[in-house]
Amino acid sequence: MSLVSAENLTKIYNVGEIEIEALKSVSFNVQSASFVSFVGPSGSGKTTLLNLIGCLDKPTSGSLKVADVDTSALTRKEAAVFRGKNLGFIFQDFNLIPVLSVYENVEYPLLIVHNSPAEERKKRITSLLETVGMTDQRDKYPDQISGGQKQRVAIARALVTNPRLVLADEPTANLDSKTALMVIDIMRKMKEEFGVTFIFSTHDQRVVNEVEAVYTLQDGILVEDAVREGGTNA
Amino acid sequence: MLKLFKIGIRNLLRYKRRTLLTSSLIAVGVMFVLVFAATSGSFKYIMIGQITDSMLGHLQVHKRGYVASIDSLPLTLNLSAKQEEKVEKTIKEITEIEAFSPRIKFGGMFSNFMETTNIRVNGVYPDKDIATVPLLPSRIKQGEKTIKKGKILIPELLANGLKVKVGDTVVVIATNRDGSVNGKQFVVGGIIESVTGPGGRDGYMHIVDAMEVLRMEEMEISEVAVRLKDFGKLNAVNDKMDKLLSKELNKQGKPIFDVRTWERLSPFYNVARMIDIMTFFIKIMLIAIVLISIMNVMIMAVFERVREIGTIAALGTIPEKILSLFLIEGFSLGISGAAAGNILAIIIVFVMNVVKITFNFGRQTGMVLSPSLKVDDMIFISAIAIIASVIAALQPALKASRMEPVEALRHV
């Protein structure tokens with residue numbers, strides 16, 4: 001069953017009078033509970049594609065369905081609600097909220113977006129912090145922890161709402177090898193434990209080696225796919 | 001919502017110095033307005049109190065047309081005994097009235113047998129007038145603190161000019177209603193301090209003596225001064241009295257009586273209005289200070305946190321909550337500034353009351369300023385500061401809530 005289904009997806013940016021075609025008729029499917037990576041050099045359209053899947057941006061043309069919802073038709077508010085319910089995000093720069101502690105950062109989506117009950121929140125956050133190995137750092141603030149720890153918090157935050165899909169944009173780019181491998185390992189465990197689909201945009205070979213399907217983008221065109229298991233190119 | 005408050009307050013504390021400066025600016029503005037309102041209010045009420053309690057009363061009843069000619073104190077426009085009786089009857093029907101004092105006012109000549117000058121005199125029932133204008137005895141600087149038959153209280157300027165002392169014999173000469181002139185000898189019973197405003201330099205004698213000087217066979221009253229139990233009901237009582245007395249018409253079918261509050265009798269009312277206008281403009285200045293400072297801070301906050309806005313939007317925060325988050329920051333700045341401003345104002349007003357600042361107004365000297373903060377003012381001015389803070393935060397907050405997440409996340 002396809003969780004993400006894209007057909008002839010095109011994205012054109014207008015910079016002044018110049019049109020930049022970031023994605024050119026890209027089509028693909030991503031199955032549920034898969035571990036997928038989009039690779040390609042800088043400017044190939046990886047981040048643009050992730051932004052489209054994450055309802056952060058809208059395609060210029062083509063069709064994109066995430067969890068059977070045509071996300072290009074959503075209003076700004078509907079898109080926010082959709083993201084809150086179905087998606088998790090992991091950013092290259094971690095993007096933790098600096099004024100919130102580790103615990104509060106993980107709590108944020110449950111509290112502000114989902115309005116979950118306190119007991120339920122506590123149980124879920126405690127469990128996730130334990131899974132990512134951050135229980136003893138729960139009261140620290142982002143500027144008091146390392147990059148690897150920040151990314152582990154970001155993973156916990158992305159997963160705390162039980163999303164169907166987690167989008168990770170260059171999640172290991174700012175991490176050393178050892179930490180990067182540990183972060184990838186955590187994400188794989190999360191995928192196995194919770195059945196969450198992970199889509200990465202990366203050019204980190206360590207990530208590529210771990211995924212089940214690799215889609216290669218070049219100049220906005222999907223040039224190659226290497227399916228190991230779980231992913232199929234349309 | 002509480003959680004949003006928590007995040008908003010932490011965001012403010014993130015930039016402690018900037019938050020402190022902005023809050024301080026609001027606090028100083030609120031404090032300044034409150035202290036100004038308390039001080040000017042104190043000055044205003046001291047002056048109003050001086051005017052109403054030492055000569056005018058809270059309101060007065062005259063025959064229609066008298067006030068327009070009040071400078072000449074026309075005896076022809078006095079209230080007849082029957083009309084005065086009607087006024088008294090009406091006054092007694094109004095429970096809000098504490099006291100009233102019928103007065104005969106006239107202008108005449110004053111002589112110490114060596115020099116002569118002009119004088120304006122109020123003929124009063126001492127007990128009634130003191131009950132209506134209770135500060136009158138305190139104005140008597142020398143002599144007995146009352147008005148006895150055969151004695152006259154003369155204004156201090158006159159006493160100084162003619163070198164008249166308490167106990168001296170003097171003569172008051174006045175033109176009567178029929179045009180004849182009459183004089184009567186008096187003993188100076190006291191010297192009365194002048195106050196600012198109409199009637200502030202008048203002499204006083206017993207009403208029976210005034211009738212004698214003016215050769216009145218039947219009492220004719222120039223004015224009836226009225227004191228209320230509650231000054232706050234001034235306009236209500238004025239309207240009530242006016243309504244009751246306006247039923248009395250003259251032969252031409254026009255009302256006989258003219259009821260006026262002190263505001264329509266004393267030029268100080270214009271000074272009081274100027275004070276109110278100044279207070280209003282100072283409040284406008286406060287709003288401007290709050291608006292500019294908060295808007296500046298919030299614009300900076302949005303600009304510095306573009307990526308953070310993108311992140312919380314990506315996590316599923318709806319635009320309304322992002323808007324609320326920034327409005328809460330503005331609100332918190334406003335409320336902290338207003339609270340600090342109120343505390344500072346309370347301290348300053350307390351110190352002013354301890355120090356006892358004195359001031360002079362006209363010939364009145366050594367009046368003690370007793371500023372007091374009104375709860376209404378504190379609430380109103382704090383509300384202005386807080387509402388202005390929220391309004392100032394609105395534009396930056398709208399900007400934040402309308403940001404495209406993808407562009408916000410791309411921001412460096």
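Summary of the structure given here. Given the structure is predicted, the values throughout are model-derived calculations rather than measurements.

## A short note on the pairing of strand 2 (residues 18–31) of chain A
Residue and element names in this part refer to chain A. Pairing of strand 1 (residues 2–15) with strand 2 involves ten bridges; the strand directions are antiparallel. The partner of Ser2 across the bridge, within strand 2, is Gln31. Counted along the chain from strand 1 to the antiparallel partner strand 2, the turn is two residues long, and its residue Gly16 has a positive phi close to 65 degrees.

## Structural notes on helix 5 (residues 147–159) of chain A
Given 3.6 residues per turn, any residue in an α-helix points the same way as the ones three and four places further on. Residue and element names in this part refer to chain A. Between the first and last C-alpha of helix 5 there are 18 Å, a value that for 13 residues agrees with the 18 Å anticipated at 1.5 Å per step. With eleven of 13 residues buried, helix 5 lies mostly within the body of the structure. Every buried residue of helix 5 is accounted for by Gly148, Gln149, Gln151, Arg152, Val153, Ala154, Ile155, Ala156, Arg157, Ala158 and Leu159.

## Considering the pattern of salt bridges
As enumerated under the stated definition, the model contains 34 salt bridges over all chains in all. Linking Asp57 of chain A and Lys11 of chain A is a salt bridge whose minimum nitrogen-to-oxygen distance equals 3.3 Å. Highlighted residues: Asp57 of chain A in the loop between helix 1 (46–53) and strand 4 (61–66) and Lys11 of chain A in strand 1, separated in sequence by 46 residues. Of the two residues, Asp57 of chain A and Lys11 of chain A, both sit in the buried class. The shortest N-O distance in the salt bridge between Asp202 of chain B and Arg120 of chain B comes to 3.4 Å. Of this pair, Asp202 of chain B sits in the loop between strand 7 (181–192) and strand 8 (203–206) while Arg120 of chain B sits in strand 3 (residues 116–124), and the two are 82 residues apart along the sequence. Residue classification places Arg120 of chain B among the partly exposed residues on the basis of a relative accessible area of 29%. One connected set of salt bridges, linked through shared partners, spans Arg103, Lys105, Arg120, Asp129, Asp202 and Glu223 of chain B.

## Details of the packing of aromatic side chains
By the definition in use, this model includes ten aromatic pairs over all chains. With centroids separated by 5.9 Å and ring planes inclined at 5 degrees, the aromatic side chains of Phe89 of chain A and Phe91 of chain A adopt a geometry described as stacked. Using a relative accessible area of 4% as the deciding quantity, one classes Phe89 of chain A as buried. Centre to centre, the rings of Phe5 of chain B and Phe331 of chain B are 6.0 Å apart; their planes meet at 75 degrees, and the pair counts as edge-to-face. Linking Phe5 of chain B in helix 1 (residues 2–14) with Phe331 of chain B in helix 11 (residues 319–355), this pair joins segments that are 326 residues apart in sequence. Residue classification places Phe5 of chain B among the partly exposed positions, given a relative accessible area of 25%. We note Lys128 of chain B situated over the ring of Tyr125 of chain B; from NZ or CZ to the ring centre the distance is 4.9 Å. Here the guanidinium or amino end of Lys184 of chain B rests over the ring plane of Phe186 of chain B, the centre of that ring lying 5.3 Å away.

## What about the interface of chain B and chain A?
Across the boundary between the two partners, chain B contributes 28 residues, which contact 28 residues of chain A. Taken together, the two surfaces of chain B and chain A that pack against each other cover about 2,400 Å², and 60% of this comes from carbon and sulfur. Contact with chain A buries surface across chain B, with Lys3, Arg10 and Leu315 of chain B losing the most and accounting together for 25% of the total. Scanning the region where chain B abuts chain A turns up five salt bridges. With its nearest N and O atoms 3.3 Å apart, the salt bridge here joins Arg307 of chain B to Asp93 of chain A. Taken together, the links from chain B to chain A amount to 14 residue pairs in polar contact (both at pLDDT 80 or more). Listing elements by their share of the side of chain B that touches chain A, those giving two or more residues are helix 1, helix 10 (306–314), helix 11 and helix 13 (405–410) of chain B. Looking at the side of chain B that touches chain A element by element, the count peaks at seven residues for helix 1 of chain B. Considered class by class, the residues forming the side of chain B that touches chain A number twelve nonpolar, five polar and eleven charged.

## Description of the side chain of Asn29 of chain A
Residue and element names in this part refer to chain A. Structurally, Asn29 is set in strand 2. Exposure remark for Asn29: the relative accessible area of 17% places this residue in the buried category. Here Ser5 takes part through its side chain, which lies 3.2 Å from a polar atom of the side chain of Asn29.

## Brief notes about the packing of helix 3 (residues 102–113) of chain A against helix 4 (residues 118–131) of chain A
Residues and elements named next belong to chain A. Relative to each other, helix 3 and helix 4 sit at 130 degrees, their axes nearing to 10 Å. The angle between helix 3 and helix 4 falls in the class oblique. Between helix 3 and helix 4 lies a crossing whose hand is right-handed. On the side of helix 3, the interface is formed by Val102, Tyr103, Val106, Glu107, Leu110 and Leu111, while helix 4 contributes Arg121, Lys122, Arg124, Ile125 and Leu129.

Calculation criteria
- Residues numbered from 1 in each chain as written.
- Chains lettered and ligands numbered in written order.
- Predicted model: local features only at pLDDT ≥ 70, side-chain atom pairs only at ≥ 80, totals over all residues.
- Heavy atoms only, no water.
- Pairing = 2+ DSSP bridges.
- Helix = DSSP H or I, 4+ residues; strand = E, 2+ residues; numbered from the N terminus.
- Expected span 1.5 Å × (residues − 1).
- Buried < 20%, exposed > 50% of the residue type's maximum accessible area, 1.4 Å probe, protein only.
- Salt bridge = Lys/Arg side-chain N within 4 Å of Asp/Glu carboxyl O.
- Phe/Tyr/Trp six-rings, centres within 6.5 Å; stacked < 30°, edge-to-face > 60°.
- Lys NZ or Arg CZ within 6 Å of the ring centre and 35° of its normal.
- Contact = heavy atoms within 4.5 Å.
- Buried area = accessible area lost by both parts, 1.4 Å probe.
- Polar contact = N/O pair within 3.5 Å; in protein donor to acceptor, adjacent residues only side chain to side chain.
- Nonpolar A, V, L, I, M, F, W, Y, C, P; charged D, E, K, R; others polar.
- Axes fitted to C-alpha atoms, helices over the stretch in contact; angles between N-to-C directions.
- Parallel < 35°, antiparallel > 145°, perpendicular 65-115°, else oblique.
- Left-handed = near helix turned anticlockwise from the far one by under 90°.

From the geometry alone we can't say anything about function, so treat these as descriptive.
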